[in-house]
Amino acid sequence: MGPNEASCPEAILKLLTPTQNEHALDWRKRCLANLQRRSRKLQDGDRIKLASPMKFTDGHEGDEFIVEKRGRRVVLRDPTSRLGYRISGFMERAWTVVPQTKVHKTIFA
């Protein structure tokens, strides 16, 4: 495991007693931050932006993708080429959802 492991389940973290040990407090903080990153919600069609561009095995380099959900599986599509990509450990990585303006259909009664 080592000192860099920070993937303790939330149920275990809740069982821990309070402490003043700075290493334990830092570990708990990293575990909670990791849990928050994993619990982010994505909708089908969301546009996400990675903190830094990634280079893929086909030579594509990009930092912005469109989310395509297939059940529990998430495929990231390049907005221009529409090619699909998978990123290992995606939910643990730094990314944000890009806000999009949505135009709603007008309905007359």
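Bear in mind the structure is a predicted one, so any value in this text is a computation, not a measurement.

Looking at the sheet that holds strand S1 (residues 47-55)
- One open sheet accounts for five strands, arranged S4-S3-S2-S1-S5; its pairing is antiparallel. In this open sheet, the two strands that pair with only one neighbour each are strand S4 (84-85) and strand S5 (95-98).

As for the nonpolar core
- If you look at the biggest cluster of nonpolar residues, it comprises 11 residues: Leu42, Ile48, Leu50, Phe56, Phe65, Val67, Leu76, Tyr85, Ile87, Phe90 and Trp95.
- Setting aside residues no more than four positions away along its own chain, Ile87 makes contact with Leu50, Met54, Phe56, Leu76 and Arg93.

Regarding the layout of surface pockets
- Approximately 250 Å³ is the volume attributed to the largest pocket.
- Taken together, 13 residues line the largest pocket, and the ones lying closest to its centre are Arg72, Val74, Ile87, Phe90 and Met91.

Examining helix H2 (residues 22-38)
- Here H2 spans 24 Å end to end across 17 residues, near enough to the 24 Å set by a 1.5 Å rise per residue.
- Listed in full, the buried residues belonging to H2 are Arg28, Cys31 and Asn34. Projected onto a plane normal to the axis of H2, the buried residues spread over an arc of 125° and lie on a single side. In H2, the exposed positions angled more than 90 degrees off the buried face are occupied by Glu22, Lys29 and Gln36.
- Contact partners of the buried residues in H2: helix H1 (10-15).
- The N-capping residue of H2, defined by a side-chain oxygen 2.8 Å from the backbone nitrogen of His23, is Asn21.

Rules used in this analysis
- Residues numbered from 1 in each chain as written.
- Predicted model: local features only at pLDDT ≥ 70, side-chain atom pairs only at ≥ 80, totals over all residues.
- Heavy atoms only, no water.
- Pairing = 2+ DSSP bridges.
- Helix = DSSP H or I, 4+ residues; strand = E, 2+ residues; numbered from the N terminus.
- Core = buried A, V, L, I, M, F, W, Y, C linked by side-chain atoms within 4.5 Å.
- Buried < 20%, exposed > 50% of the residue type's maximum accessible area, 1.4 Å probe, protein only.
- Contact = heavy atoms within 4.5 Å.
- 1 Å grid on protein atoms, 1.4 Å probe; cavity = no way out; pocket = protein on both sides within 12 Å on 5 of 7 lines; lining within 4 Å.
- Points joined across faces, edges and corners; volume = space filled by probe spheres on them.
- Expected span 1.5 Å × (residues − 1).
- Arc of directions from axis to C-beta.
- Polar contact = N/O pair within 3.5 Å; in protein donor to acceptor, adjacent residues only side chain to side chain.

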